[in-house]
Amino acid sequence: MVTRAARVGHHRVDGSRVAESSARFRGGAAVRVGSDGFTPDGQTLLTTAPAGEVQRAVGLTMLASIPLVIAATLPFARQAFPGFEGVLPAYATALFLVELITGALLLGHFFAERRLAVLSLAAGYVFSATLVPAWALTFPGVLDVFGATSLDQATAYIAALRRVGFPLAVLLYAATRERPPLPAAWTWLRGLGTVCSAALAAFLLSWAIIGSDRLLPPLMRDARFVSSLWGVVPPVVIALYLAGLAALWRGRRSALDLWLMVVLGTLLADLVLLSYIGGGVRLSVGWWVGRAFGLVSASIVLVALLVETTSLHSRLGRSVAAERRARESRLTAMEALSATVAHEVAQPIASMVTNADAALRWLDKPQPEVGEARRALSRIVGDGHRAGEVVAGVRTLFGKGSPAHRPVDMRSLVTEMLARGRPEAEHARVKLLSETGPGELEVSGNAVQLGQAISNLLANAVEAARSTPGGPRSVVVRCARVPPGKITVSVEDTGPGIAAEHRQHIFEAFFTTRPDGMGMGLMFSRTIVEAHGGRLWVEDVAPHGAAFRFTLPAYEATADA
Amino acid sequence: MPERNPPRHEAMDAEPIVFVIDDDDSMRASLESLLRSVGHRVVTLDTTQAFLAAGRPAAPACLVLDVRLPGASGLELQRELAAAGNPLPIVFVTGHGDIAMSVAAMKAGALEFLTKPFRDQELLDAVHRGIELDRQRRRRERHLDDLRRRYAALTPREQEVMRLAASGLLNKQIAAGLALSEATVKVHRAHAMQKMQATSLPDLVRIIDALDATLPES
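Caption draft 1: Local environment of the overall build of chain B. When helices and strands are tallied, chain B shows 9 helices and 5 strands. Put simply, chain B runs from its N terminus to its C terminus through helices and strands in the order β-α-β-α-β-α-β-α-β-α-α-α-α-α. Intrachain contacts of chain B at a sequence separation of at least 6 include 63% that bridge at least 24 residues. Surface summary for chain B: the accessible area is close to 10,800 Å², and the carbon and sulfur share equals 55%.

Caption draft 2: The pairing of strand E4 (residues 90–94) of chain B, seen in detail. All names here are of chain B. Extensive coverage of E4 is indicated by the burial of 5 of its 5 residues. The two faces of E4 match: Ile90, Phe92 and Thr94 on one face and Val91 and Val93 on the other face are all buried. Pairing geometry for strand E3 (residues 61–66) and E4, over 4 bridges, is parallel. Counted as the bridge partner of Val64 is Val91 from E4. Note: E4 against strand E5 (residues 112–115), 4 bridges, orientation parallel. Bridge pairing in E5 links Val93 to Leu114.

Caption draft 3: Layout of the packing of aromatic side chains. Residues and elements named next belong to chain A. Applying the stated criterion across every chain, the model contains 10 aromatic pairs over all chains. Measuring from ring centre to ring centre gives 5.5 Å for Trp135 and Phe139, while their planes differ by 65°; the resulting arrangement is edge-to-face. Take Phe139: its relative accessible area is 4%, and that puts it in the buried class. The ring of Trp537 carries Arg535 above its face, with NZ or CZ at 4.4 Å from the centroid.

Caption draft 4: Up close: the interface of chain B and chain A. Between chain B and chain A, the contact holds 26 residues from the first and 26 residues from the second. For the pair chain B and chain A, the two sides together bury roughly 2,200 Å², of which 50% comes from carbon and sulfur. Taken together, the connections running from chain B to chain A amount to 3 salt bridges. One salt bridge connects Arg361(A) with Asp120(B), and the closest N-O pair in it is separated by 2.9 Å. Across the chain B-chain A interface, the total number found is 10 residue pairs in polar contact (both at pLDDT 80 or more). Secondary-structure elements contributing two or more residues to the side of chain B that touches chain A are helix H1 (25–37) and helix H5 (120–153) of chain B.

Caption draft 5: Region of the structure containing the pairing of strand E7 (residues 546–553) of chain A. Residue and element names in this part refer to chain A. In terms of burial, E7 is largely enclosed, as 7 of its 8 residues are buried. Direction of pairing for strand E5 (residues 486–493) relative to E7: antiparallel, over a ladder of 7 bridges. Within E7, the position partnered with Thr488 by the bridge is Thr551. Sheet topology places strand E6 (residues 535–540) next to E7; 6 bridges connect them, and they run antiparallel. Bridge pairing in E7 places Glu539 opposite Ala547. The hairpin turn running from E6 into E7, its antiparallel successor, is 5 residues long, and Gly545 in that turn takes a positive phi close to 125°.

Caption draft 6: View of the sheet that holds strand E4 (residues 474–482) of chain A. Residue and element names in this part refer to chain A. Spatially, the 5 strands line up as an open sheet ordered E2-E4-E5-E7-E6, and their pairing is mixed. Unpaired on one side and paired on the other, strand E2 (431–436) and E6 mark the two borders of the sheet. Neighbour-to-neighbour, the strand axes of the sheet open up by a mean angle of 15°, direction not taken into account. This element, helix H15 (residues 521–531), spans E6 and E7 of the sheet and lies at about 130° to E6.

Caption draft 7: Molecular detail of the packing of helix H3 (residues 53–73) of chain A against helix H9 (residues 255–277) of chain A. Residue and element names in this part refer to chain A. One can describe the packing of H3 onto H9 by two numbers: an axis separation of 9 Å at closest approach and a directional angle of 5°. Our classification of the angle between H3 and H9 gives roughly parallel. Residues Gln55, Arg56, Val58, Gly59, Met62, Leu63, Ile66, Ile70 and Thr73 of H3 form the contact with H9, whose own contacting residues are Ala255, Leu258, Trp259, Met261, Val262, Gly265, Thr266, Ala269, Leu273 and Ile277. In terms of residue class, the contact of H3 with H9 is made up of 13 nonpolar, 5 polar and 1 charged.

Caption draft 8: Region of interest: the pattern of salt bridges. Scanning all chains against the criterion turns up 33 salt bridges over all chains. Between Arg115(A) and Glu113(A) there is a salt bridge, with the nearest N and O atoms lying 3.7 Å from each other. Each member of the pair, Arg115(A) as well as Glu113(A), is classed as buried. Across the salt bridge formed by Asp270(A) and Arg291(A), the nearest N and O atoms sit 3.8 Å from each other. Highlighted residues: Asp270(A) in helix H9 and Arg291(A) in helix H10 (residues 285–364), separated in sequence by 21 residues. Sharing partners across several salt bridges, the network here consists of Glu372(A), Arg375(A), Glu32(B) and Arg36(B).

Caption draft 9: Quick peek at the environment of Leu107(A). All names here are of chain A. Relative to the helices and strands, Leu107 resides in helix H4 (residues 87–113). In this structure, the C-alpha to C-alpha distance between Leu107 and Trp188, residues 81 residues apart in sequence, is 9.5 Å. Setting aside residues no more than four positions away along its own chain, Leu107 makes contact with Leu119, Ala122, Gly191, Leu192 and Val195.

Caption draft 10: Seen up close, a nonpolar patch on the surface. Together, Leu200(A), Phe203(A), Leu204(A) and Trp207(A) give the surface a local cluster of nonpolar side chains, amounting to about 480 Å² of exposed area. Locating Leu200(A) in the fold gives a position in helix H7 (residues 187–211).

Caption draft 11: Structural view of H9(A). All names here are of chain A. A rise of 1.5 Å per residue sets the reference length of H9, with its 23 residues, at 33 Å; its end C-alpha atoms lie 31 Å apart and thus fit the reference within 8%. The buried fraction of H9 amounts to 21 of the 23 residues, a majority that puts the element mostly inside the structure. One or two steps after H9, the chain reaches Gly279, where phi turns positive at roughly 65°.

Caption draft 12: Just the side chain of Ser525(A), in detail. All names here are of chain A. By the element assignment, Ser525 lies in helix H15. For Ser525, a relative accessible area of 0% gives the class buried. At 3.4 Å, the side chain of Ser525 and the side chain of Asn456 are in polar contact. When near neighbours in sequence (up to four residues on either side) are disregarded, Ser525 contacts Ala453, Asn456, Leu457 and Leu536.

Caption draft 13: Region of the structure containing unusual backbone geometry. The residue after Pro483(A), namely Pro484(A), is reached through a cis peptide bond having omega 0°. Within the fold, Pro484(A) resides in the loop between E4 and E5. Going from Lys116(B) to Pro117(B), the amide bond is cis rather than trans, its omega being -10°. Positive phi, close to 65°, is recorded for Trp186(A), a residue that is not glycine. With respect to the helices, strands and loops of the structure, Trp186(A) is situated in the loop between helix H6 (154–176) and H7. Given the relative accessible area of 62%, Trp186(A) is considered exposed. The backbone of Gln197(B) sits at a positive phi, close to 55°, despite the residue not being glycine. Here Gln197(B) lies in the loop between helix H8 (182–195) and helix H9 (201–214).

How each quantity is defined
- Residues numbered from 1 in each chain as written.
- Chains lettered and ligands numbered in written order.
- Predicted model: local features only at pLDDT ≥ 70, side-chain atom pairs only at ≥ 80, totals over all residues.
- Heavy atoms only, no water.
- Helix = DSSP H or I, 4+ residues; strand = E, 2+ residues; numbered from the N terminus.
- Contact = heavy atoms within 4.5 Å.
- Areas by Shrake-Rupley, 256 points an atom, 1.4 Å probe, with all protein chains shown as cover.
- Buried < 20%, exposed > 50% of the residue type's maximum accessible area, 1.4 Å probe, protein only.
- Pairing = 2+ DSSP bridges.
- Phe/Tyr/Trp six-rings, centres within 6.5 Å; stacked < 30°, edge-to-face > 60°.
- Lys NZ or Arg CZ within 6 Å of the ring centre and 35° of its normal.
- Buried area = accessible area lost by both parts, 1.4 Å probe.
- Salt bridge = Lys/Arg side-chain N within 4 Å of Asp/Glu carboxyl O.
- Polar contact = N/O pair within 3.5 Å; in protein donor to acceptor, adjacent residues only side chain to side chain.
- Axes fitted to C-alpha atoms, helices over the stretch in contact; angles between N-to-C directions.
- Parallel < 35°, antiparallel > 145°, perpendicular 65-115°, else oblique.
- Nonpolar A, V, L, I, M, F, W, Y, C, P; charged D, E, K, R; others polar.
- Patch = residues over 30% accessible without salt bridge, like charges linked within 9 Å, V, L, I, M, F, W, Y side chains within 5 Å.
- Expected span 1.5 Å × (residues − 1).

Right, dumping it as structure tokens:
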């Protein structure tokens, strides 16, 4: 079976190995929350993020299609299209719910962002929504709650109120959108208070309109046809819509601004169809198409908010998962590091204790043997320095100064590592070969770390090749330039290869298939290579065996960076 | 019977040897110094292969062995020695206080399992115990060798008579069984007792038991 395993040679102790293991803490496990576009500073919030390409395209297409729909409606606009009054309550219900939910979602945004602009818009939607029931209940011939003929003017007045109220809210929004967030205190009270006031105002106004129906100057000649007074309303509202559009156009536009422009555009179309093309005649084709525009325009912001919420939620989920993974790998690396440090420091400490015991015994003899004691004490000094180096290595890595990056000649590094690995390979009766390509083979980095990465791969390869029963047992180390500006090193063995089920785990800490392996070598090697801006991977070799390859940027490629 | 043991020339109390096998230079030197300071003869090695290559020690010995070693590990050496019928006492030292590993080592007959850093007295006591055990084992083996040599020096007839006597038969019964005269049996028996250096019948029984315990059924 597979005997390849991550390996840390344990027989030579120095600070550098610890240094390599903690390299992971600097480069390996960074939390990349921002990689999928989500950043905690709210840059993707609908209310603050600039409109994306797709959003702009969709919005402009919708705006551009409005004249087309109007043009298509023109020939039939004034034709009466009665008999569909029954749809009106459903229409009103939809309108009411859509606007109310939009208001609620915007209020939620306000609670998170505390921006006055968003609150004005929320109030505008709630105000508009609250007027819908009154409008529907007073619509002649629909519900007859107030009697079929008693209310002639209320419906038109309420409709006019809605048309004036909403663009005013948008104007307020546009005027205040550059303002900084409100102070955190009283956010809930402020938000709920404003929205409830808007709802209350709408309720009281519609109550007043219904109550004083007969006293109001007539907007309607009868249940279907407008009076001459109605002629004043559309120009005013259109002026408000255009003012809103202009205000939104000005300055840096967020995604919400874009959608509000589409909303105003559709409302404008609605009004034009209703008042001019449909001639103000209720239940005409133009009027019905206007209703459809009204529903669409009410839904636009809701849909945008829902899309945003959903995608935000899923992105949030992804980044939480990514962060958890990063934290886990950081933990594993932490455990790996502490195990290594413990081992590397325990060795000199054990040696120091035993040397000190020996020295004491030599001195406690009836004839103290000072020479022996001296030798034991000088070994203690050596061990102390050794332990100190390990600790210093760790400190360097956790401190600010990272190990210096210098030009490293990979050709001589490979030769050196092969020379070091030769005794072990000869013992295992594995042939070590090397092939280095022509030209400069320099990279920028830490020679000790890179040497450790190569020697780990080499030790694994020898271990794998040794388990080949017959046939050639060899390990080939290749080093060459590959365009553009890269140096590649590969360590190829004639072992049994990597089993498919192990392949995805071999670079994990503590993963090993050897009974005495620590399962750290490959993890360290990969960490080192990645910290040098390279990549380490494994490939199968025919007819059997594995090749671990890594690439590093060539020295000149990194020199100008 | 195979000649299991090479001839032993060393005196009964040849100076014991403590073998220290550790790959860490300083650790090896410190162990050597400590053991020498209490008067042990110490041989240090950095791999188990070097130990196996040196052959069997010719004196009572004890091994102080690092669990993790390059090449074959300490546990592997323990298995190898046991398989070769050479159960030297082993004191393991390890940098990793690994419970599973120490259980495996103790089950395989290790004398002691010490986690670095350890108290010198614990190591010295364990080594002392190990040497004593090995000394006793060697003494037992030497004694058995003597017995085997003496037994081999008996004539087949003497061996036969001795075994029958040890199984509790009277001279008369032995004579009848072997179709010999009782006087001849007595002579054979006396010769056997003398050659085996047995002073009494129970002594003879013990000798036969000791021999049979180490010999395949014959």
